[in-house]
Amino acid sequence: MTIQFRGPAGQETTPYLLTPGPLTTTPAVKEAMLRDWGSWDADLRAVVASIRSDLLDIADAAQGFECVLLQGSGSYGVEAALGSFAPKNKKTLMLTNGAYGERAIKALSYMNRDFISYETDELEAPSAEEVAALLKSNPDIGAVFLVQCETTSGIVNPIEDIAAVAQKTGCIVILDAMSSFGAMDLSMKRMGIDVLISSANKCIEGVPGFTYILARRDLLEASQGASHSLSLDLYEQWAYMQKSGQFRYTPPTHTLVAFAKALEQHKAEGGAPGRLARYKKTAKALRDGMRRIGLTPLLGDNETGPIIQTFATPRDPNFDFTRFYEGLKQRGFIIYPGKLTKKPSFRVGNMGALDHEVMEMLVDATEATLKAMNIKDLTPAE
Ligand SMILES: *Cc1c(COP(=O)(O)O)cnc(C)c1O
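What counts and what doesn't
Residues numbered from 1 in each chain as written. Predicted model: local features only at pLDDT ≥ 70, side-chain atom pairs only at ≥ 80, totals over all residues. Heavy atoms only, no water. Phe/Tyr/Trp six-rings, centres within 6.5 Å; stacked < 30°, edge-to-face > 60°. Helix = DSSP H or I, 4+ residues; strand = E, 2+ residues; numbered from the N terminus. Buried < 20%, exposed > 50% of the residue type's maximum accessible area, 1.4 Å probe, protein only. Polar contact = N/O pair within 3.5 Å; in protein donor to acceptor, adjacent residues only side chain to side chain. Near = heavy atom within 4 Å. Nonpolar A, V, L, I, M, F, W, Y, C, P; charged D, E, K, R; others polar. Pairing = 2+ DSSP bridges. Axes fitted to C-alpha atoms, helices over the stretch in contact; angles between N-to-C directions. Contact = heavy atoms within 4.5 Å.

> Hey, could you run me through the packing of aromatic side chains in this one?
Each aromatic ring pair is characterised by the separation of its centres together with the angle its planes make. Counted by the stated rule, this structure contains 10 aromatic pairs. Ring geometry for Y16 versus F333: centroids 5.8 Å apart, planes at 10°, classification stacked. Here the residue Y16 occupies a position in strand 1 (residues 16-17), and F333 occupies one in strand 12 (residues 333-334), the gap between them amounting to 317 residues. On the basis of relative accessibility, which here comes to 7%, the residue Y16 falls in the buried class. Pairing F319 with F324 gives two aromatic rings, centres 5.1 Å apart and planes at 50°, and the pair type is tilted. Each member of the pair, F319 as well as F324, carries the same accessibility label: buried.

Written out as C-alpha cells, the structure is:
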C-alpha cells in the first residue's frame, strides 16, 4: 500500500505544520522573501512603519499606544516586556496555567524581580475573584501578567475580567497574546491591557524572526533605564525606531517583508474577525473528526481556543508517539507532542494557512496511521 502524501498548495513536497508555530504560510508570504533588502534603505523603513501602524490598528490601540518591533522569538518579547514594565520596587502577580506562564516566571526570576505566582491546573482557567483577593491581600503588587491563550493546552483565560480587576487596583496589565493576537477578540483600549506581546509566526501567519510589544506610550516613556538588558531594552529600541525608522542592530529583513505580506492577507480576510471565523471552522472540523474516529479532546468546546487542540494519548499498548508522529509526517502532517505535565497527550495546531478541509485530510491520515500501528483501544491513557 502506498501512503498518500498531502502537502499544502505551492509546496506539495513539504508537510503541513500543525504546530504552535512556526506555521504553514502561503506561497505569497514565502515569495516575499525572494529579494534582499538593505536595512538602512527607505523602502525597508516604510515596511517597518506600516507594520507598526497595522499592529496598533489590530489591537485597537491607535491612540496613546506604541508598537516596538524586536528581533527574536516571542520569548524574547516576553522577557523584554517584563524587563521594561515589571516594577522594581513592587511585585508582579504572575498567572500561570502552563508552560508559557512558567517560562515568563523564569524570565522574571532571572532579573531578580519580586513576584507572587497564582497557579491553576493546566486544564483550568484562573479566576478573576481569586485575582481580586490576591490583589487585596498584597497591596505591594504593581503589575499583573497573564497569557490569553495558553498554548500548552489551548485553554483560553478570562483576560477581560482579570484586566478589569487589575485596573481597579491601579495595577498595569501585561498580556502574553502570542498565540491569540490577530484572531481572538482583543482590544487593548476596551479591555484595559497596558502591554501586549506577540510574534511574527503565530496568528498573523508570518515566518519566525521578530516579536512585537504594544504598550501604553506613557509607560514606555517612563521605562527609560528600567531594562536589565541592552538588547532587550524596549525604551532604547523604541526611541531608536522613532528617530530613525530602523531597528537597533541588524533587522530580520526577510521576515519583515514576509510579515507585511501576511498583514495584507490578514486584512483581506477581514482582519481578526475573519481569521477567527476560519480558525473556528478548522478547530471544529478537527475536534469533530478526531472524536468521530474515537480520540478524546482534553478540553471542552467552551474552554478551548480556536488555536491548538490537545488530545488524550490512546491507552492501547501499541501506541508510541514517535511512530504516530512519523506516520502522520509520511502522510503530510507535522503535529506536536503534548506539553501537559500530568496527562499523556498530543497537540494539533490549527493556526496557519489552511482550512477545514485540511483538517478532514488530517483526520483521515490519523485514522490510517492508527490502523497501520494496530491501535484498537483509543480510550485515554492515564
Ligand atoms: C509561542 C508562544 C510563546 C513564545 O514562544 P517562542 O518559542 O519564543 O516563540 C509565548 N507564549 C505563548 C502563549 C506562545 O504560544
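Picking up after the structure, the text goes on.
> I'm lost on the environment of S127 in this one. Help?
Summarising the element assignment, S127 is placed in the loop between strand 4 (115-119) and helix 5 (128-137). Judged by its relative accessible area of 24%, S127 is partly exposed. The spatial distance from the C-alpha of S127 to the C-alpha of P251 is 40 Å, given a sequence separation of 124 residues. Here E130 takes part through its backbone nitrogen, which lies 2.9 Å from a polar atom of the side chain of S127.

> Looking at this structure, how should I read the site of the ligand?
What surrounds the ligand is the set S73, G74, S75, Y100, R103, V147, C149, T151, D176, M178, S179 and K202. In the model, an oxygen atom of the ligand is placed 2.5 Å from a nitrogen or oxygen of the S73 side chain. Within the side chain of S75, a nitrogen or oxygen atom sits 2.6 Å from an oxygen atom of the ligand. If you list the elements that add at least two residues to the shell around the ligand, you get helix 3 (74-85) and helix 4 (99-110). Tallied by class, residues from the shell around the ligand come to four nonpolar, five polar and three charged.

> What am I meant to see in the sheet that holds strand 2 (residues 65-71) here?
Strand pairing within a sheet occurs via backbone hydrogen bonds; the two strands may be parallel or antiparallel. Pairing is mixed in the open sheet, where seven strands are placed in the order 2-10-9-8-5-3-4. Strand pairing shows two members of the sheet lacking a second neighbour, strand 2 and strand 4, which therefore form its edges. When strand polarity is set aside, the average angle formed by the axes of neighbouring strands in this sheet is 20°. Here seven bridges tie strand 2 to strand 10 (residues 210-216), and the two strands are oriented antiparallel to one another. Within strand 10, the residue paired with L69 across the bridge is Y212.

> What is the right way to read helix 9 (residues 234-244) from this model?
Since the α-helix packs 3.6 residues into each turn, any two residues three or four apart lie on the same face. Looking at helix 9, one finds that the buried residues are L234, Y235, Q237, W238, M241 and S244. On the buried face of helix 9, the contacting elements are helix 2 (42-58), strand 2, helix 3, strand 10 and helix 8 (217-222). Where helix 9 begins, the side chain of D233 points an oxygen toward the backbone nitrogen of Y235, at a separation of 3.0 Å. At the exit of helix 9 stands G245, carrying a positive phi of roughly 75°.

> Any chance you could explain unusual backbone geometry here in plain terms?
Phi is mostly negative for residues that are not glycine, and the peptide bonds are mostly trans. In this structure, the amide linkage connecting G21 to the following residue, P22, adopts the cis form with an omega of 0°. Here P22 is to be found in the loop between strand 1 and helix 1 (27-31). For D60, which is not glycine, the phi torsion reads 55° and is therefore positive. As for its placement among the helices and strands, D60 is situated in the loop between helix 2 and strand 2. When its relative accessible area of 32% is taken as the criterion, D60 is described as partly exposed. Even without glycine at this site, Y249 takes up a positive phi of about 65°. Relative to the helices and strands, Y249 resides in the loop between helix 9 and helix 10 (253-268).

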